[in-house]
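Residue strings, one per chain:
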Amino acid sequence: MNLGKYIRDLLLENETVIIPGFGAFISVYQPAEINEESGEISPPSKKISFNSQIRNNDGLLVGYVAEMEGVSHFDALKKIEREREEFLYQ
């Protein structure tokens, strides 16, 4: 399972993606900017931060993994928990 890809996909459409029991990735939209001095234009983007205090399962990631992997929500949660344990181990 490629949990990173699933998180990235969800962050394109959502402001927050929570890995249950681990933390949340939070995206903040940054509008396009024009540097008046150089004339350089920066395209719109998203800044991503991580908050380890937000750990409750909101179901978004679990539901998406279940859909993409073709498994139940319970099995998707177990897959995410295994990935989380690997993150913590590393």
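Structure first, text after, so check above.
Residues numbered from 1 in each chain as written. Predicted model: local features only at pLDDT ≥ 70, side-chain atom pairs only at ≥ 80, totals over all residues. Heavy atoms only, no water.

Enquirer: Sorry if this is basic, but what is going on with the environment of Ile 34 here?
Expert: Along the chain, Ile 34 falls in strand β3 (residues 33-34). Judged by its relative accessible area of 56%, Ile 34 falls in the exposed class. If we skip the residues at most four places from it in the chain, Ile 34 touches Glu 40 and Ile 41. (Helix = DSSP H or I, 4+ residues; strand = E, 2+ residues; numbered from the N terminus. Buried < 20%, exposed > 50% of the residue type's maximum accessible area, 1.4 Å probe, protein only. Contact = heavy atoms within 4.5 Å.)

Enquirer: So what exactly am I meant to see when it comes to the packing of helix α2 (residues 60-69) against helix α3 (residues 73-89) here?
Expert: The axes of two packed helices give the description: the angle between them and the distance between them. At a closest axis distance of 8 Å, the pairing of α2 and α3 adopts a crossing angle of 105°. If you check the angle between α2 and α3, you find them roughly perpendicular. Contact with α2, carried on its side by Leu 61, Val 62, Gly 63, Val 65, Ala 66 and Glu 69, involves His 73, Ala 76, Leu 77, Lys 79 and Ile 80 of α3 and no other residues of that element. Partitioning the contact of α2 with α3 into residue classes produces 7 nonpolar, 2 polar and 2 charged. (Axes fitted to C-alpha atoms, helices over the stretch in contact; angles between N-to-C directions. Parallel < 35°, antiparallel > 145°, perpendicular 65-115°, else oblique. Nonpolar A, V, L, I, M, F, W, Y, C, P; charged D, E, K, R; others polar.)

Enquirer: Mind showing me how you'd approach α2 here?
Expert: Residues three or four positions apart in an α-helix share a direction because the helix packs 3.6 residues into each turn. Restricting attention to buried positions, one finds in α2 the residues Leu 61, Val 62, Gly 63, Tyr 64, Val 65 and Ala 66. As for α2, its buried residues are in contact with α1 (3-13), β1 (16-19) and α3. Gly 70 sits one or two positions beyond α2 and adopts a positive phi of about 70°.

Enquirer: Explanation requested: the nonpolar core in the structure shown.
Expert: Soluble globular proteins: nonpolar side chains tend toward being buried together. Of all hydrophobic cores here, the largest spans 15 residues; its most connected members are Leu 3, Ile 7, Val 17, Ile 19, Leu 61, Val 65 and Ile 80. Of all the elements in the fold, those that place two or more residues in this core are α1, β1, α2 and α3. (Core = buried A, V, L, I, M, F, W, Y, C linked by side-chain atoms within 4.5 Å.)

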